[in-house]
Amino acid sequence: MWKGRFSQATADLVQQFGESISYDWRLYPYDVAGSIAHARAQVKAGLLTKEEFHKIETGLREIETEIAAGEFEFSIELEDIHMNIESALTKRIGPTGGKLHTARSRNDQVATDTRLYCRAAIDELLILLRDLRSSLLDRASKYAGTVIPGYTHLQRGQPVTVGHHLLAYVEMLSRDESRLIDTRKRVNVCPLGSGALAGSTINLDREQIAEELGFDSVTTNSMDAISDRDYIAELIFNLALIGGHLSRLSEDLILWCSSEFGFATLSDAHTTGSSLMPQKKNPDVCELTRGKTGRLYGNLTAILTAIKGLPLTYNRDLQEDKEPLFDSIDTLTLALKVNTEMIAAMTINEEVCEAAASDPLLLATDLADWLVKEGIPFRSAHELVGKAVAASVTSGTPLDQLDLTAVDPAFTTEASAVFDLKIALAARTNPGAPSVENVKKQIARWQE
Ligand code: ARG
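We now turn to the structure provided with this report. On a predicted model such as this, the values are computed, not experimentally measured, just so you know. (Residues numbered from 1 in each chain as written. Predicted model: local features only at pLDDT ≥ 70, side-chain atom pairs only at ≥ 80, totals over all residues. Heavy atoms only, no water.)

Our next topic: the overall build of the protein. Secondary structure assignment for the protein yields 18 helices and 6 strands. For a compact globule of 448 residues, the expected C-alpha radius of gyration is about 22 Å, and the protein comes in at 30 Å, more than 25% above that figure. Its C-alpha atoms put the protein at 100 × 55 × 40 Å along the principal axes. The 448 residues of the protein split such that 48% are buried. (Helix = DSSP H or I, 4+ residues; strand = E, 2+ residues; numbered from the N terminus. Rg over C-alpha atoms; globule rule 2.2 N^0.38 Å. Buried < 20%, exposed > 50% of the residue type's maximum accessible area, 1.4 Å probe, protein only.)

Turning to the packing of helix H6 (residues 106–142) against helix H18 (residues 436–447), a few remarks are in order. It is at 10 Å that the axes of H6 and H18 come closest, and there the two elements cross at 150°. Classed by the angle they form, the pair H6 and H18 counts as roughly antiparallel. Once H6 is placed against H18, the crossing between them reads as left-handed. Residue-level inspection shows Arg-133, Leu-137, Ala-140 and Ser-141 of H6 in contact with H18, the latter providing Ile-443, Trp-446 and Gln-447. Of the residues contributing to the contact of H6 with H18, the split by class is 4 nonpolar, 2 polar and 1 charged. (Axes fitted to C-alpha atoms, helices over the stretch in contact; angles between N-to-C directions. Parallel < 35°, antiparallel > 145°, perpendicular 65-115°, else oblique. Left-handed = near helix turned anticlockwise from the far one by under 90°. Contact = heavy atoms within 4.5 Å. Nonpolar A, V, L, I, M, F, W, Y, C, P; charged D, E, K, R; others polar.)

For the rest of this paragraph, the subject is the pairing of strand E1 (residues 147–152). With 6 bridges connecting them, E1 and strand E2 (residues 155–161) associate as antiparallel partners. In the strand pairing of E2, Pro-149 is matched with Pro-159. In textbook terms, the turn of a hairpin is the stretch between consecutive antiparallel strands, and for E1 and E2 this stretch comprises 2 residues, one of which, His-153, has a positive phi near 55°. (Pairing = 2+ DSSP bridges.)

Once that is clear, we can look at helix H3 (residues 28–44). With 17 residues, H3 extends 25 Å between its outermost C-alpha atoms, agreeing within 8% with the 24 Å of an ideal straight helix rising 1.5 Å per residue. Here the buried face of H3 lies against helix H2 (21–24), helix H4 (50–68), helix H5 (81–93), H6 and helix H8 (206–212). In the segment just after H3, Gly-46 is the residue with positive phi, at about 80°. (Expected span 1.5 Å × (residues − 1).)

Turning our eyes to something else, we now look at the environment of Glu-57. Position of Glu-57 relative to the elements: it lies in helix H4. Distance from Glu-57 to Ala-39, taken between C-alpha atoms, is 8.1 Å for residues 18 residues apart in sequence. Apart from residues lying up to four places away in sequence, Glu-57 is in contact with Ile-36 and Arg-40.

The next point concerns the nonpolar core. Grouped together as the largest cluster of nonpolar side chains are 83 residues, with contacts concentrated most on Leu-136, Trp-256, Leu-325 and Leu-336. It is helix H10 (residues 230–257) that contributes the most residues to this core, 14 residues altogether. When sequence neighbours within four positions are dropped, the list of residues in contact with Leu-136 reads Leu-166, Tyr-169, Val-170, Leu-173, Leu-249 and Ile-343. If you look at the next biggest cluster of nonpolar residues, it comprises 18 residues, including Ala-364, Ala-368, Trp-370 and Phe-411. (Core = buried A, V, L, I, M, F, W, Y, C linked by side-chain atoms within 4.5 Å.)

Next up on the list: a nonpolar patch on the surface. Residues Met-1, Trp-2 and Phe-6 make up a contiguous nonpolar surface patch of about 320 Å² in total accessible area. Position of Met-1 relative to the elements: it lies in the segment before helix H1 (12–18). (Patch = residues over 30% accessible without salt bridge, like charges linked within 9 Å, V, L, I, M, F, W, Y side chains within 5 Å. Areas by Shrake-Rupley, 256 points an atom, 1.4 Å probe, with all protein chains shown as cover. Salt bridge = Lys/Arg side-chain N within 4 Å of Asp/Glu carboxyl O.)

The next thing to look at is the site of the ligand. In the vicinity of the ligand, the contacting residues are Ser-20, Asp-80, His-82, Arg-106, Asn-107, Val-110, Tyr-314, Gln-319 and Lys-322. Asp-80 places a side-chain nitrogen or oxygen 3.0 Å from a nitrogen atom of the ligand. One of the side-chain N or O atoms of Asn-107 is found 2.9 Å from a nitrogen atom in the ligand. In the complex, the protein chains occlude 86% of the 350 Å² of accessible area that the ligand would expose alone. Element by element, the count of residues in the shell around the ligand is highest for H6, at 3 residues. Taken together, the residues of the shell around the ligand sort by class into 2 nonpolar, 4 polar and 3 charged. (Near = heavy atom within 4 Å. Polar contact = N/O pair within 3.5 Å; in protein donor to acceptor, adjacent residues only side chain to side chain.)

A few words on the environment of Ile-226. Considering the arrangement of structural elements, one finds Ile-226 in helix H9 (residues 222–227). For Ile-226, a relative accessible area of 0% gives the class buried. In this structure, the C-alpha to C-alpha distance between Ile-226 and Pro-431, residues 205 residues apart in sequence, is 48 Å. Contacts of Ile-226, omitting those with residues within four sequence positions, involve Asn-107, Asp-108, Ser-194, Gly-195, Ala-196, Leu-197, Thr-313, Tyr-314 and Leu-318.

Here is the structure:
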């Protein structure tokens, strides 16, 4: 299709090195849709008759069906999806097929296809994110009042609930949702009509094409439109950050499922065994989710590196945008689906949680707060409770059983009223804090 000026055949190695059909074939539904919209605009411009358009449309739809059925034979001599489809069309309908590429380049074509692909991918990801949040919400609501220690530095800190802990991930995934929705706005702009880099002397109705393809608007600078891959980098970043969130969740669940923590149990269907140690029940899904996040970050590095330093406009480097994109979408799609299922089937071991949460040290801060309410400055209160903790550690007497009045006269016997988990949790009523009432309100809000 571009061999007019060449007198030698392309070397085999160059073909192998340059082909993208082995992976960009999946753009075919978008390539077909883009071509049909482009052909329709040619009718309006008087470049194609209605009959010619009909032939092109029917031919393209047949090719699409063949590809979907796995019956289409792709050829690496034709490099990419665009030339494979166009060549098949001309074989099928004759010279009329050769009119399709009027006022179009593969440069605006590939940008159009990829934007349509990204838009469809975002729409599916939004559903998958919602499903995962539903699973988390379902568990959060079942265990809204199950108290566990909250950690900093992986050391026990203060009491929270399983519900509150899981809702933290709902928050993260909701930010991810809003980022995807925002990225979608920049994805959904139509570059078709930008040509190779400088538009065309043949003016097709770009607004009409954009509307047919469901784009919100058309790009306004042909050079930018051809070389812009920001929307891909943005999308891959979003996917990487979602992966990061899933990876943190995985790490929490791996800890929760260990004998040392024992807070949670994953279903047999979502865990795996060991070929050597008969007792093992491993959280492989969590580990793979954590591990695959590395690929998502790698893909982000790949796309950012591919686009840096490219002179305007199209350079073949840009073909390197697709594999990281497809890999990130595939990886995350499966990760979201399997995590959604796994979490829905997860059970929390409430007695183990209760035992861990009954550690009186979790309420050391509440004890300091009690002193503050008695009029002691917080810094002094912190130090006095620190002394009480030290006394508890050296004597081996749990903090809630220690004679606090012996530590410092600022404590009265009433201070030990602090060591009631229910009261302690119920007192945390400020917005964002983990009182069971608050958690239930948040669950209701998210459910809505
Ligand atoms: N397969 C190419 C890509 O993905 C399509 C555009 C080719 N353009 C060109 N001038 N060689 O980037």
